[in-house]
Amino acid sequence: MKIFVLNCGSSSLKYQLFDMQDESVIASGKVERIGMEDAILTHEPTDKEEVKLVTEILDHTTAIEKVFDFLVDPKHGVIKNVTEIEAVGHRVVHGGEVFSDSVKVDGQVKAAIKGTFDLAPLHNPANLVGIEAVETVLPNVPNVAVFDTAFHQTMPQNAFMYALPRILYKKHKIRRYGFHGTSHKYVCMKAAEFLNKPLEQLKIVSCHIGNGASVTAVNKGQSIDTSMGMTPLEGLMMGTRSGDIDPAIIPFVMDKEDLTLNEVNSMLNKHSGLLGVSGIGSDMRDIEENMETNENAKLAFDMYEYRIRKYIGAYAAAMDGIDVLIFTAGVGENSNLLRKAITDHLSYLGVEIDDEINNTRSKQIRRISTPESKVEVLVVPTNEELMIARDTLRIVKSSK
Ligand code: ADP
């Protein structure tokens, strides 16, 4: 069975085509600058030559049509006919309180996704456009929506409510939702499989540390708390996002710097975090390279590491202990320095890592803790697209 996974943004989209027999990716690619005369389509068939096309692509439907043309192209294609695609899985950022699992798309689901536009105004409209474009191009194929927030719907009320007037929750659904759920779920399942233990017996702290970053407490397979909030701004310090700050700073800065709401929003989301503190950049590699000589880079690294460590401590408290600590995503999978800095201060939890294994590069799941460590510390490469493909398969099968 072939499943097409689509991650649709406002002016770009990324895709992967899976053969679910062995879960292999048979083609992947992206379309950038949708809406422009010089849009760029990059198609990468796994066993054939990559191809790049610069052409006018004015909307998402045309983008999808062109992608499907490449999928069946005699030279660059990987399937004979688009009818081989049996289902399409869509990444949808925000599922609000409506979706606690992935779901087959119908009119009601689309209306409910529209109902969450307020909560994710940059992402959800684009995600819905992607769904409707596929409906136009492949009218008889089931679409499945997989939400970044769904995994966190198991959080108890004392974790997801903000201490604000209750009316705001009732009127506007202001609460913690959490993100990166597809990734946290995937790496926790992988970890349990690797350790050969049932997920239901484990207390896991999962650290998804990429450009965006979040930590999740997963007790018995269920998310019970997570660091991102109503939006992805809360929690950890990130590449360009501030993470937690005193909310009173916002009116203070608006007043002192004469900033508008849009400007302060942009400051918190795009000019803060590693970039804002270091003045060098948002990429952890640049921070690490400059740490020895540049004190702002060193401060940025120390703050970044300290925040993650504080959340790990908080979630150990939330679960009354921790059995497994997971590092995943761009920084979590690659930065041995960050993993070392964090775990060096977790000896009170019984964490002990093997420096040699921690320093070894690998694309495989691996244990970096010593046999004596009371907590299993794992590096688990995430794969959100595969998780979306698996969920799509599960939902399509169960709806037959
Ligand atoms: P996202 O999906 O949120 O855009 P990723 O999970 O792909 O982000 O992570 C991207 C980040 O990973 C980069 O910004 C970079 O800081 C970090 N990264 C990648 N490779 C390394 C490395 N070798 N050492 C440290 N950080 C790295």
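Throughout this document, residue positions are counted from 1 along each chain, in the order its sequence is written. Restriction of local features to residues with pLDDT of at least 70 applies here, the model being predicted, together with a cutoff of 80 or more for giving and counting side-chain atom pairs; totals for whole chains, interfaces and linings are based on all residues. Where side-chain values are given, they derive from all heavy atoms of the structure, hydrogens and water being excluded.

So, on to the site of the ligand. Put simply, a residue is near a molecule or strand once any heavy atom of it comes within 4 Å of that molecule or strand. Taken together, the residues surrounding the ligand are Gly-210, Asn-211, Gly-212, Asp-283, Met-284, Arg-285, Ala-329, Gly-330, Val-331, Asn-334, Ser-335 and Arg-361. What qualifies as a polar contact is a pair of N or O atoms within 3.5 Å, subject to a donor-acceptor requirement within protein and to the restriction that residues adjacent in sequence count only when both atoms come from side chains. One nitrogen or oxygen atom from the side chain of Asp-283 is found 3.1 Å from an oxygen atom belonging to the ligand. Contacts to the ligand include Met-284, whose backbone N or O atom sits 2.7 Å from an oxygen atom. Within the complex, the protein chains bury 68% of what would otherwise be the 580 Å² of accessible surface of the ligand. Labels follow the DSSP assignment, with helices taken as runs of H or I lasting at least four residues and strands as runs of E lasting at least two, numbered in each case from the N terminus. Of all the secondary-structure elements, those providing two or more residues to the shell around the ligand are helix 10 (284–290) and helix 12 (329–334). Here the shell around the ligand takes 4 residues from helix 12, the largest share from any one element. Each residue is assigned to one class: nonpolar for Ala, Val, Leu, Ile, Met, Phe, Trp, Tyr, Cys and Pro, charged for Asp, Glu, Lys and Arg, and polar for all the others, Gly among them. In the shell around the ligand, the residues fall into 3 nonpolar, 6 polar and 3 charged. For the area figures, the Shrake-Rupley method with a 1.4 Å probe applies, and any residue is considered shielded solely by the protein chains shown.

When accessible area is computed with a 1.4 Å probe and restricted to protein chains, residues below 20% of their type maximum are described as buried, those above 50% as exposed, and intermediate ones as partly exposed. Burial analysis of strand 1 (residues 2–8) places 6 of its 7 residues in the buried class, the great majority of the element. Two strands qualify as a pair provided that DSSP identifies no fewer than 2 bridges between them. For strand 1 and strand 6 (residues 85–92), the ladder comprises 5 bridges, and the chain directions are parallel. Pairing of Val-5 across the sheet is with Gly-89, part of strand 6. The sheet contact formed by strand 1 and strand 2 (residues 13–19) spans 7 bridges and is antiparallel. From the neighbouring strand, Cys-8 faces strand 2, where its bridge partner is Leu-13. The antiparallel hairpin formed by strand 1 and strand 2 contains 4 residues in its connecting segment.

Right, let's talk about the environment of Gln-364 for a bit. Among the secondary structure elements, Gln-364 is positioned in the loop between helix 14 (355–359) and strand 13 (366–367). Look at Gln-364 and you get exposed, because its relative accessible area is 53%. For Gln-364 and Val-379, which are 15 residues apart along the polypeptide, the C-alpha to C-alpha distance reads 8.2 Å. When sequence neighbours within four positions are dropped, the list of residues in contact with Gln-364 reads Val-379 and Pro-381. Contact criterion: two residues are considered in contact whenever any of their non-hydrogen atoms come within 4.5 Å of each other.

Attention now moves to the pairing of strand 12 (residues 324–328). Buried residues dominate strand 12, accounting for 5 of its 5 residues. Of the two faces of strand 12, the one lined by Val-324, Ile-326 and Thr-328 and the one lined by Leu-325 and Phe-327 are each fully buried. With 5 bridges joining them, strand 9 (residues 203–209) and strand 12 adopt parallel strand pairing. Bridge pairing links Ile-204 to Val-324 in strand 12. Pairing geometry for strand 12 and strand 14 (residues 376–379), over 4 bridges, is parallel. Within strand 14, the position partnered with Val-324 by the bridge is Glu-376.

Our focus in this paragraph is the sheet that holds strand 14. Reading across from one edge, 11-10-9-12-14-13 is the order of the 6 strands in this open sheet, with mixed pairing throughout. Each edge of the sheet is formed by a strand with only one pairing partner; in this case those strands are strand 11 (222–226) and strand 13. Relative to strand 11, strand 10 (residues 213–219) runs antiparallel, the two being bridged by 4 bridges. Its bridge partner being in strand 11, Val-218 is matched across the sheet by Ser-223. Angles here are taken between N-to-C directions and fall from 0 to 180 degrees, while the axes themselves are lines fitted to C-alpha atoms, restricted in helices to the stretch in contact. Relative to the sheet, helix 11 (residues 295–319) contacts strand 9, strand 10, strand 11 and strand 12, its axis offset from that of strand 9 by approximately 160 degrees. The sheet contacts of helix 13 (residues 336–343) involve strand 9, strand 12, strand 13 and strand 14, and relative to strand 12 the element is tilted by about 155 degrees.

Moving on, we get to the UniProt feature "binding site: substrate" (unreviewed entry) in the protein chain. This chain's UniProt record puts "binding site: substrate" (unreviewed entry) on Arg-91. Of note, Arg-91 is situated in strand 6. Leave out the neighbours within four places in its chain, and Arg-91 touches Leu-6, Asn-7, Asn-127, Val-146, Asp-148 and Ile-388. UniProt positions are given in the numbering used here, feature names are shortened, and annotations may be inferred rather than shown by experiment.

This part covers a negative patch on the surface. Any residue with relative accessible area above 30% and no salt bridge may belong to a patch, with like charges joined within 9 Å and the nonpolar Val, Leu, Ile, Met, Phe, Trp and Tyr side chains within 5 Å. By convention in these notes, a salt bridge is any Lys or Arg side-chain nitrogen within 4 Å of a carboxyl oxygen on Asp or Glu. Counted charges follow a simple rule, with Lys and Arg positive, Asp and Glu negative, and His plus the chain ends left uncounted. In plain terms, the charge of a residue is placed at NZ if it is Lys, CZ if Arg, CG if Asp and CD if Glu. Taken together, the side chains of Asp-255, Glu-257, Asp-258 and Glu-263 define an acidic patch exposed on the protein surface. Structurally, Asp-258 can be placed in the loop between helix 7 (249–257) and helix 8 (261–270). Relative accessible area serves as the criterion here: at 66%, Asp-258 is assigned to the exposed category.

The subject of this paragraph is the sheet that holds strand 7 (residues 103–104). Taken in spatial order, the 8 strands line up as 5-4-3-2-1-6-8-7 in an open sheet, and their pairing is mixed. Edge positions in the sheet fall to strand 5 (51–57) and strand 7, since each of these pairs with one other strand and no more. With 6 bridges joining them, strand 3 (residues 24–32) and strand 4 (residues 36–45) adopt antiparallel strand pairing. Looking across to strand 4, one finds that Ala-27 is bridged to Pro-45. Of the strands in this sheet, strand 1, strand 2, strand 3, strand 4, strand 5 and strand 6 touch helix 1 (residues 60–72), which is tilted by about 150 degrees from strand 5. Here helix 3 (residues 124–137) sits on the sheet and contacts strand 1, strand 6 and strand 8 (143–147); the angle it forms with strand 6, its principal contact strand, is near 170 degrees.

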